[in-house]
Structures are given as C-alpha cells and as structure tokens.
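Given next are the chains, with one letter for each unit.
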Amino acid sequence: IGSLHFCHGEDVYYQSFWDKHTVPQAELAYLEETLACVRAHDGFDVLGHLTYLSKAGAHPARRPISLAMYREVVDEILKVLVAKGKGMELNTSGKGTCGVFLPEMEYFRRFKELGGEIVPVGSDAHAPNRVGEHTHEAVRLLGDLFGYVCTFEGRKPIFHKI
C-alpha cells in the first residue's frame, strides 16, 4: 500500500503543517504531492486512503476533500493508477474522525469510469479493537458499484464477487 502522510516535507497530521496553509491550499498541495508520488513510484499495488488529509489530527475542519473542487488533479491521480494497473483502497478509518470513508464513494465511481478495477478495503486500525471497523458497509458499497472487492496474495489482486 502506498500512502502519503507528508506534504512539502511536513507531516500533515500536525499543526505545524496547517499553520502554513489554508484548508484549500493544504488540500491542493496534498493532492499534487500524491500525484507526483504515484507518477514517480511503482513499488506499491494500491494507493491507500487517497483523502487521508481529511482526517488529519490538526485539520481545522476535518471535512471530506471535494472531488468536484479538485477534479483535474484527482482525475490525473486516478488515470495514473489505472495506467499502472494499481488499485485504490477504500479506507474505513475516516468514518470515526471526519464521518466518511477515505476516499468517498464518488472517487470510486470516477475511478471505475476511468477503468479502475482494483478496490480493496482497509481499516487503518492502529488498535486491535478497530481492526475491520465499518468493513461490512465498505464491502457492500464496493460490491454495489464494482460487483466485487479485492484482497491480495503475493502482491496479486484477488477479486471476490459480492
């Protein structure tokens, strides 16, 4: 799983990052950094929690990142993932912090429109009692959209029909 937690050399979870950016500036910078990373690197199979920034501890609003507001850069991220045969994780950890999956389902609809197929679920638990949290709902949503959900074995996706 490739995931981005730093932007411009700073951990986006902490206040020092947010002191230098408005929310829209931070969101755009984070997405642009994500685009640069997915273009530059191949040593991952799935992009983890594309909108991680939404749940960052110091985020002043803890809001979902609007796909419509950043459509151009998000489309580029998704196109690179598709071209490289990479997946996009539906991460459940945002449900408890900012109220939504990371990213939201509209990102997955767009990913599918652009030819994306690999869609695993992760809980990013960090604690045993949170492993698998909200997974049933996430699997149902991906099943409704794609008809399956993915796991990996030996870095190869396995498609599980829902």
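This structure is a prediction, so every number in the text was calculated from the model and none was measured. (Residues numbered from 1 in each chain as written. Predicted model: local features only at pLDDT ≥ 70, side-chain atom pairs only at ≥ 80, totals over all residues. Heavy atoms only, no water.)

Could you give an account of the pattern of salt bridges, with specific residues and numbers?
Pairing between side chains becomes possible if they bear opposite charge and their charged atoms approach one another. Scanning the entire structure with this criterion turns up 13 salt bridges. Across the salt bridge formed by Glu 113 and Arg 110, the nearest N and O atoms sit 2.8 Å from each other. Of this pair, Glu 113 and Arg 110 both sit in helix α5 (residues 105-113), three residues apart, which is roughly one turn of that helix. For Glu 113, a relative accessible area of 56% puts it in the exposed group. One continuous salt-bridge network, built from bridges that share partners, spans Arg 71, Asp 75, Arg 110 and Glu 113. (Salt bridge = Lys/Arg side-chain N within 4 Å of Asp/Glu carboxyl O. Helix = DSSP H or I, 4+ residues; strand = E, 2+ residues; numbered from the N terminus. Buried < 20%, exposed > 50% of the residue type's maximum accessible area, 1.4 Å probe, protein only.)

So what's going on with unusual backbone geometry? Which residues, and what values?
Of note, the bond from Leu 102 into Pro 103 is cis; its omega dihedral lies within 30 degrees of zero at -10°. Checked against the element boundaries, Pro 103 lands in the loop between α4 (94-97) and α5. For His 49, which is not glycine, the phi torsion reads 25° and is therefore positive. Tracing the chain through its elements places His 49 in the loop between β3 (46-47) and α3 (71-83). The exposure class of His 49 is buried, given its relative accessible area of 4%.

Describe the state of the cysteines, and please don't skip the residues or the numbers.
Throughout this description, disulfide means a covalent bond between two cysteine sulfur atoms. Under the definition given, this model contains zero disulfides. Here Cys 7 stays unpaired: no disulfide links it, and the sulfur of Cys 37, its closest cysteine neighbor, is 9.1 Å away. Since its relative accessible area comes to 0%, Cys 7 is described here as buried. With no disulfide of its own, Cys 98 has Cys 7 as its nearest cysteine by sulfur position, at a separation of 17 Å. Residue classification places Cys 98 among the buried residues on the basis of a relative accessible area of 13%. (Disulfide = S-S within 2.5 Å.)

So what about α3? Which residues, and what values?
An ideal rise of 1.5 Å per residue puts 18 Å on 13 residues; α3 measures up with 18 Å between its terminal C-alpha atoms. Listed as buried for α3 are Val 73, Val 74, Asp 75, Ile 77, Leu 78, Val 80 and Leu 81. Once α3 finishes, Gly 85 follows within two positions and takes phi at roughly 70°, a positive value. (Expected span 1.5 Å × (residues − 1).)

Could you give an account of the pairing of strand β8 (residues 156-161), with specific residues and numbers?
One ladder, built from six bridges, connects strand β7 (residues 148-153) with β8; its direction is antiparallel. Looking across to β8, one finds that Val 149 is bridged to His 160. From the end of β7 to the start of β8, which pair antiparallel, there are two residues, and Gly 154 there has a positive phi angle of about 60°. (Pairing = 2+ DSSP bridges.)

Let's hear about the environment of Phe 6: which residues, and what values?
Position of Phe 6 relative to the elements: it lies in strand β1 (residues 6-7). On the basis of relative accessible area, Phe 6 is assigned to the partly exposed category, the value being 44%. Separated by 102 residues in sequence, Phe 6 and Phe 108 have C-alpha atoms that sit 23 Å apart. When residues no more than four places from it in sequence are discounted, the contact partners of Phe 6 are Asp 11, Val 12 and Glu 33. (Contact = heavy atoms within 4.5 Å.)

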